[in-house]
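Descriptive analysis of the structure
In case you want the letters, here they are:
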Amino acid sequence: MKEISFRTDVLPLKNELFRLALRITLNREDAEDVVQETMMKVWNRREQWAQIESMEAFCMTICRNVALDHQKRMENQNVSLEDEDATISNHPSSITSPEEQTMQRDRVERVRSLMNQLPEKQRSCMQLRDVEGKSYKEIAAVMDITEQQVKINIFRARQTIKQEFLKQEKYGL
């Protein structure tokens, strides 16, 4: 097996871990704490690294569990991502007028808000697939569920967001 280095194999994952933690905690400071705790847990388990098939899945699983534990402790921490523009980049490439740009930003904010209202499993699966670009297999490893369950959670999340978005478009906010 390949020798794993903390500097070259684990540290580069910190941004992905942060995005996952942020999606679960919905708070930048809490997500930073979760990532730091994740890194410490990974370092403390360095004797097991030789047996790990995917360091990324290992780190993401630890991060997810730490974030969920943190959420349970914080209970009513439900901050929106309105001021977290850095987490999901807006690409107004084909949008030219300020009005169109504003409408696009509003749509993105509504989708973010709808994502934040999803159940945790659906939200995490959708984040890992649609934002992080992970494969179903990788998501299943991180979430400790089957690939079929991943697909079902993503489908349900997308359907819920689509229905709510269309309802808002039709009737207004």
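About the criteria used
- Sequence order as written defines residue numbering, which begins from 1 separately in each chain.
- In keeping with the model being predicted, local features are shown solely for residues with a pLDDT of at least 70 and side-chain atom pairs are shown and tallied solely at 80 or more, while totals for entire chains, interfaces and linings include all residues.
- Hydrogens are left out, water is left out, and the side-chain values use all remaining heavy atoms of the structure.
- For helices the rule is a DSSP run of H or I covering at least 4 residues; for strands it is a run of E covering at least 2, with both sets numbered from the N terminus onward.
- Burial classification: accessible surface area is computed with a 1.4 Å probe over protein chains only, and a residue below 20% of its type maximum counts as buried, one above 50% as exposed, and the rest as partly exposed.
- By definition, residues are in contact when any of their heavy atoms lie within 4.5 Å.
- Note on areas: Shrake-Rupley, 1.4 Å probe, and residue coverage restricted to the protein chains presented here.
- Pairs were defined over the aromatic rings of Phe, Tyr and Trp, the Trp ring being its six-membered one, requiring ring centres within 6.5 Å. Orientation was assigned from the angle between planes: stacked under 30 degrees, edge-to-face over 60, tilted for the rest.
- A score from 0 to 100, pLDDT tells how confident the predictor is in each residue.
- Among buried residues, the Ala, Val, Leu, Ile, Met, Phe, Trp, Tyr and Cys ones that are joined through side-chain atoms within 4.5 Å form a nonpolar core.

Another aspect to go through is the overall build of the chain. Regarding its fold elements, the chain presents eight helices and zero strands. Scanning the chain from its N terminus toward the C terminus, one meets helices and strands in the order α-α-α-α-α-α-α-α. Put simply, the chain has 173 residues, and 40% of those count as buried. Residue pairs in contact within the chain that sit at least 24 positions apart in sequence constitute 67% of those at least 6 positions apart. Carbon together with sulfur atoms contributes 48% to the accessible area of the chain, which is approximately 10,700 Å² in total.

The next thing to look at is the packing of aromatic side chains. Aromatic rings in a pair are described by how distant their centres are and how their planes are angled relative to each other. In this structure the tally under the stated criterion is three aromatic pairs. Here the aromatic rings of F6 and W43 are separated by 5.4 Å at their centres, their planes lie at 80°, and the arrangement is edge-to-face. With F6 in helix α1 (residues 6–10) and W43 in helix α3 (residues 28–44), this pair connects stretches of sequence that are 37 residues apart. Relative accessible area serves as the criterion here: at 38%, W43 is assigned to the partly exposed category. Ring centres 6.1 Å apart and planes at 70° place the aromatic pair W43 and W49 in the edge-to-face group.

With that settled, consider the confidence of the model for the chain. The predicted model of the chain has a mean per-residue pLDDT of 82, with 85% of residues at 70 or higher. Confidence, expressed as mean pLDDT per element, reaches its minimum in the chain at helix α5 (residues 98–116) with 83 and its maximum at α3 with 92. The low-confidence segment residues 75–94 (pLDDT under 50) makes 31 contacts with residues lying over four places distant or belonging to another chain.

Attention now goes to the nonpolar core. Counting residues in each nonpolar core, the largest one holds 35 residues, and the members touching the most others are V10, L17, V42, W49 and M55. Those elements that provide at least two residues to this core are α1, α2 (14–25), α3, α4 (55–74), α6 (120–131), α7 (136–143) and α8 (147–171). Considering each element in turn, this core owes the most residues, nine residues, to α4. In contact with M55, not counting residues within four places along its chain, are I4, D9, V10, L13, V42 and W49. In terms of nonpolar packing, the next biggest core, distinct from the first, is built from seven residues, L114, L118, I161 and F165 among them.

For the rest of this paragraph, the subject is unusual backbone geometry. With phi around 65°, L26 is a residue other than glycine that occupies positive phi space. Considering the arrangement of structural elements, one finds L26 in the loop between α2 and α3. Here the phi dihedral of D144 falls at roughly 60°; this positive angle occurs in a residue that is not glycine. Summarising the element assignment, D144 is placed in the loop between α7 and α8.

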